[in-house]
Amino acid sequence: MKRKIRSVRTWGPGLLLVSPSILLIGFFVYGLIGWSANISTTNQNSRFERTAGTAADAHIGLANYTNLFSSPDFIQSLKHLGILAVFYIVGALFFGMLWALLLEKGVRAEGLFRAVYLFPMAVSMFASGVVWNWLLNSDTGAGASGLNQLFEMVGLGFLKNHWWVSSPTWGIAAIAIPAVWQLSGYIMALFLAGFRGIPADLREAARIDGASEFQLYRHVLFPQLSPIALSALIILGHMSLKMFDIIMAISGEKNVYTSVPMVTMWTLTGQQDFARAAAVAIILLVFVGFLVVPYLVHNARQEKNT
Amino acid sequence: MTTDVIPAAAPSELHRKVKKTPRSQVARTVKYLLLIFFLLVVLIPAYVLVVTSFKSFGEALGPNRWALPSGLSFEGWSAAWSELSPALFRTMLIAIPAAVISSMLGAMNGFVLSRWRFPGANVVFTLMLFGMFIPYQAVMVPLLEFLPMTGLGRGVPQLLAVHVVYGIPICTLIFRNYYQTTVPMELIEAGRVDGAGLLRTFRSLILPLSLPGFVVTMIWQFTSVWNDYLFAVFLSSRDNGPVILGLANLAGSQIVPYPEVFAGALIVTAPTLLVYIVLGRWFVGGLMAGAVKS
């Protein structure tokens with residue numbers, strides 16, 4: 001950065017080479033977000049609900065937003081989203097860290113364990129949702145199938161439950177199971193790379209100083225992993241907010257047990273209620289923005305300083 | 001970073017002399033038991049898919065759904081294949097060009113943003129990166145209005161276009177990280193002294209070094225386009241869209257014929273799983289780059 005600003009003739013061609021992408025991202029990301037925000041303040045709702053006498057594209061301010069936030073269904077879907085996100089994030093962090101800890105010192109057949117733990121990441125979320133629909137079958141009686149039948153078979157019958165139909169509020173937590181299954185391997189890979197990136201001398205030094213294994217992890221290794229833990233948190237956070245495929249595959253749309261904003265947005269689009277669909281999407285964008293923007297700015301700053 | 005993926009444990013850790021006390025033996029056994037237990041748990045869905053797909057429709061509804069099939073039945077597979085095969089080709093038509101074009105754009109951007117910077121390059125990069133985190137629903141309603149205006153047909157052409165555009169940020173990120181760690185600034189400077197301009201530097205110095213970067217971005221893009229459900233369901237339908245919608249249709253029927261649906265899920269998953277098995281190392285490279293930090 002301190003180098004003298006070189007002439008336009010030097011950097012100009014570079015800017016030119018990137019300009020198609022700048023224009024595409026400028027329009028398809030920022031332009032269309034603006035367009036969405038604009039639609040969300042109009043009256044482009046389905047014919048049945050449009051206020052009598054107003055044109056379809058009349059601007060009605062934030063009415064769509066107040067309408068959503070005063071709808072018990074939408075509030076319920078936000079609650080679902082919160083519960084789902086917490087179970088999703090905590091679950092994937094827990095198993096990811098556990099597997100990384102089990103593997104990090106090197107074990108026999110490490111490659112095999114890693115490959116299997118990570119393989120769900122290569123599978124389409126929708127395709128895995130199809131099999132989780134079977135696994136999370138809610139029947140607990142004599143005709144139980146899926147995981148409930150497996151529990152019965154291995155003598156863990158007390159674990160049988162109704163999964164996502166067990167409670168209209170908390171049942172959604174069951175949907176976190178397939179998500180955790182899918183993402184934990186990824187988090188393991190991140191932490192494992194983190195552990196392996198810590199210089200071996202650091203461990204040696206701590207051991208020579210008489211640190212127990214527990215102290216070694218607690219005071220030497222874990223602090224080194226905090227940037228990775230932050231990345232993992234951001235990745236899991238924004239993915240959990242966007243959950244759509246798995247829910248559509250497991251319980252389908254218009255399901256009161258598993259309603260989340262992104263599924264609602266799909267339903268509204270199908271009903272040609274474009275204004276409210278856009279409003280839901282913008283609300284979610286704001287959530288994601290709160291999570292991701294500080295992180296991106298932080299990263300950009302840090303890079304500048306190095 | 002993109003290619004070294006996960007390094008092995010340090011030799012000093014692997015061969016560290018730990019006294020073989022009974023306690024450490026127990027700890028070792030518990031560790032392996034846990035590893036094997038989790039291995040089996042992770043494989044449960046795979047077991048269910050494969051086993052059920054070879055059952056007859058009748059047997060799949062039988063009393064013990066976890067049992068191995070009593071005999072191999074291809075009922076499910078042939079039904080799923082005739083339903084999904086036309087869409088497989090369409091999915092290739094979307095995923096392969098999308099992977100190639102996004103990767104090319106990503107390589108150009110990554111090169112300029114790391115090794116041929118212009119004032120404000122970092123701001124442009126950060127603004128681009130944001131594009132990979134947004135929920136695409138936030139652009140979906142206008143896309144539904146805008147794409148038909150471009151003259152692009154519904155289905156393959158529109159999906160190809162959106163996947164190319166929304167693939168740019170991640171490909172740019174991967175290449176930027178890659179060039180930052182593998183191409184020394186001195187190499188560029190030396191080229192400049194010899195009078196090499198931007199395009200010549202890119203073509204004759206950078207591109208020959210870029211193969212590992214391309215493998216990572218192509219795999220990443222191919223996998224995420226192939227597995228995409230969101231754009232597919234909004235912008236296309238079963239008769240003109242990718243194979244995932246065929247699977248959704250199978251799974252959405254009133255009485256779900258599980259052998260057929262599961263055979264279908266395996267057909268849909270096969271290409272990306274094959275890529276993972278054959279090129280896993282580079283797949284992980286893409287995942288790591290997705291974490292932004294290099």
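About the thresholds
Residues numbered from 1 in each chain as written. Chains lettered and ligands numbered in written order. Predicted model: local features only at pLDDT ≥ 70, side-chain atom pairs only at ≥ 80, totals over all residues. Contact = placed C-beta atoms within 7 Å. Helix = DSSP H or I, 4+ residues; strand = E, 2+ residues; numbered from the N terminus. Nonpolar A, V, L, I, M, F, W, Y, C, P; charged D, E, K, R; others polar. Domains from an automatic or database assignment. Buried ≥ 20, exposed ≤ 12 C-beta atoms within 10 Å, placed from the backbone. Axes fitted to C-alpha atoms, helices over the stretch in contact; angles between N-to-C directions. Parallel < 35°, antiparallel > 145°, perpendicular 65-115°, else oblique. Left-handed = near helix turned anticlockwise from the far one by under 90°. Arc of directions from axis to C-beta. Core = buried A, V, L, I, M, F, W, Y, C linked by C-beta atoms within 7 Å.

Counting residues at the interface gives 75 residues for chain B, matched by 82 residues for chain A. Considering each element in turn, the side of chain B that touches chain A owes the most residues, 14 residues, to helix α13 (residues 258-289) of chain B. Residues belonging to the side of chain B that touches chain A are distributed by class as follows: 58 nonpolar, 12 polar and five charged.

Attention shifts here to the domain arrangement of chain B. All names here are of chain B. Domain annotation for chain B reports domain 1 (11-60) and domain 2 (75-289). One C-alpha centre belongs to domain 1, the other to domain 2, and the line joining them spans 33 Å. Elements with a contribution of two residues or more to the side of domain 1 that touches domain 2: α2 (22-53) and α3 (57-60). Considered class by class, the residues forming the side of domain 1 that touches domain 2 number three nonpolar, three polar and one charged.

The next subject is unusual backbone geometry. Residues and elements named next belong to chain A. Phi angles above zero are rare outside glycine, and alanine 109 is one such case at about 55 degrees. By the element assignment, alanine 109 lies in the loop between α3 (72-103) and α4 (110-118). Of the residues examined, alanine 109 has 12 C-beta atoms within 10 Å and is grouped as exposed. Here lysine 254, not a glycine, exhibits a phi torsion of approximately 55 degrees, which is positive. Its place among the elements puts lysine 254 in the loop between α11 (245-250) and α12 (261-270). With 12 C-beta atoms packed within 10 Å, lysine 254 lands in the exposed category.

So, about the packing of helix α4 (residues 75-115) of chain B against α13(B). Residues and elements named next belong to chain B. Contact geometry for α4 and α13: axes closest at 7 Å, N-to-C directions at 60 degrees. Taken together, the axes of α4 and α13 lie oblique to each other. Between α4 and α13 lies a crossing whose hand is right-handed. Contacts from Glu75, Gly76, Trp77, Ala79, Ala80, Trp81, Glu83 and Leu84 in α4 reach Pro259, Glu260, Phe262, Ala263, Gly264 and Ile267 in α13. Across the contact of α4 with α13, the residue classes tally to nine nonpolar, two polar and three charged.

It is worth spelling out helix α9 (residues 198-206) of chain B at this point. Leu198(B), Thr201(B), Phe202(B) and Ile206(B) are the residues of α9(B) that are buried. Burial along α9(B) is one-sided: seen end-on, the buried residues are contained in an arc of 95 degrees. Seen from the open side of α9(B), the exposed residues pointing more than 90 degrees away from its buried face are Leu199(B), Arg203(B) and Ser204(B). Close packing links the buried residues of α9(B) with α1 (8-39) of chain A together with α4 and α8 (185-193) of chain B.

Among the nonpolar cores identified, the biggest contains 177 residues, and Leu84(A), Tyr88(A), Phe126(A), Ile175(A), Ala189(A), Ala281(A) and Leu247(B) are the most heavily contacted of them. For this core, the two domains that each supply at least three residues are domain 1 (11-60) and domain 2 (75-289) of chain B. The residues touching Tyr88(A), leaving out its near neighbours within four places in the chain, are Ala176(A), Ala179(A), Val180(A), Leu236(A) and Ser240(A).

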